[in-house]
Amino acid sequence: MEVFFALLVIIVGYIIGLGAVTIIDLHGFLGRKSIYWTEATIRTHKVTKPLIWIGILLVIAGGLWWYTLIGNEFFRLLHLFASGVLVINGCFLSFVISPYLLKKEKEEKERKLLRASLQVKIVLSFLFSVLFWWSSLILFIFSVSQFRGISLPNPPFFG
């Protein structure tokens, strides 16, 4: 049963976190050259930011639990490294970029494109996000495919 719950926690984390990351990354990408999408990004990030943090916390907890259960210390360290990069990236977005966007909105300047230097930082953050979210997920899927642990009984309706 412990395997089930460890898998549940990490999978729910990936669903919530990657879903929110995908939405905000697409908005941000479209907002580079579009006032409409810049404004949409500013509004959308208020919803996606807490979802990304919920997702990453579940992925970290579920991953540590999962990799401890399967006894793979190397994968656990890789997971921690990727998670650390995502947390640092998330802190940059939450404590540097987000306050700037909220200030723009408060000043009613959200209908202007972001300055080029800020766009470069956001693109780099986007690249880190994509690379480390997906690398972490691929590592997890690989570990599940290699898992030879507890065999679960078939439910009665599967014979």
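To be clear, the structure that these remarks concern was listed above.
Rules and cut-offs
- Residues numbered from 1 in each chain as written.
- Predicted model: local features only at pLDDT ≥ 70, side-chain atom pairs only at ≥ 80, totals over all residues.
- Heavy atoms only, no water.
- Helix = DSSP H or I, 4+ residues; strand = E, 2+ residues; numbered from the N terminus.
- Buried < 20%, exposed > 50% of the residue type's maximum accessible area, 1.4 Å probe, protein only.
- Axes fitted to C-alpha atoms, helices over the stretch in contact; angles between N-to-C directions.
- Parallel < 35°, antiparallel > 145°, perpendicular 65-115°, else oblique.
- Left-handed = near helix turned anticlockwise from the far one by under 90°.
- Contact = heavy atoms within 4.5 Å.
- Nonpolar A, V, L, I, M, F, W, Y, C, P; charged D, E, K, R; others polar.
- Patch = residues over 30% accessible without salt bridge, like charges linked within 9 Å, V, L, I, M, F, W, Y side chains within 5 Å.
- Areas by Shrake-Rupley, 256 points an atom, 1.4 Å probe, with all protein chains shown as cover.
- Salt bridge = Lys/Arg side-chain N within 4 Å of Asp/Glu carboxyl O.
- Expected span 1.5 Å × (residues − 1).

Chemist: Would you mind showing me how to read the overall build of the protein chain here?
Modeler: If you tally the helices and strands in the protein chain, you get four helices and zero strands. When the elements of the protein chain are put in sequence order from the N terminus, they spell out α-α-α-α. Referenced to the eigenvectors of the C-alpha coordinate spread, the extents of the protein chain come out at roughly 60 × 35 × 20 Å. Relative to its full complement of 159 residues, the protein chain shows a buried share of 36%.

Chemist: I keep staring at the packing of helix α3 (residues 73-106) against helix α4 (residues 116-146) and nothing clicks. Help me out?
Modeler: Relative placement of two packed helices is described by the angle separating their axes and the distance separating the axes. Axis separation between α3 and α4 bottoms out at 10 Å; the angle between their running directions is 150°. It follows from the interaxial angle that α3 and α4 lie roughly antiparallel. Here α3 runs over α4; the crossing is left-handed. Facing α3, whose interface residues are F75, L78, H79, F81, A82, V85, L86, N89, F92, L93, I97 and Y100, α4 presents L118, K121, I122, S125, F128, S129, F132, W133, S136, L139, F142 and S143. Considered class by class, the residues forming the contact of α3 with α4 number 17 nonpolar, six polar and one charged.

Chemist: It is not clear to me how the environment of G90 should be interpreted in this structure. Could you clarify?
Modeler: Take G90: it is sitting in helix α3. For the pair G90 and S125, spaced 35 residues apart in the sequence, the C-alpha separation amounts to 8.7 Å.

Chemist: Is there a simple way to think about a nonpolar patch on the surface in this case?
Modeler: A cluster of nonpolar side chains, contributed by M1, F4, F5, L8, V12, W65 and L69, occupies part of the molecular surface with about 640 Å² of accessible area. Of all the elements in the fold, those that place two or more residues in the nonpolar patch are α1 (2-30) and α2 (35-70). Tracing the chain through its elements places L69 in helix α2.

Chemist: What am I meant to see in α1 here?
Modeler: Look at α1: 42 Å from first C-alpha to last across 29 residues, which is about the 42 Å you get at 1.5 Å a residue. All of the buried residues in α1 are V3, A6, I10, G13, Y14, G17, L18, A20, V21, I24, D25 and H27. The secondary structure elements touched by the buried residues of α1 are α2, α3 and α4.

Chemist: I'm lost on the pattern of salt bridges in this one. Help?
Modeler: Close approach of charged atoms allows side chains of opposite charge to pair. Throughout the structure, instances matching the rule amount to five salt bridges. In this structure, the salt-bridge partner of R76 is E73, at a minimum N-O distance of 3.2 Å. In this pair, R76 and E73 are both assigned in helix α3, three residues apart and thus about one turn of the helix distant. With a relative accessible area of 41%, E73 lands in the partly exposed category. Three or more residues are tied together by salt bridges with common partners; here these are E39, R43 and R111.

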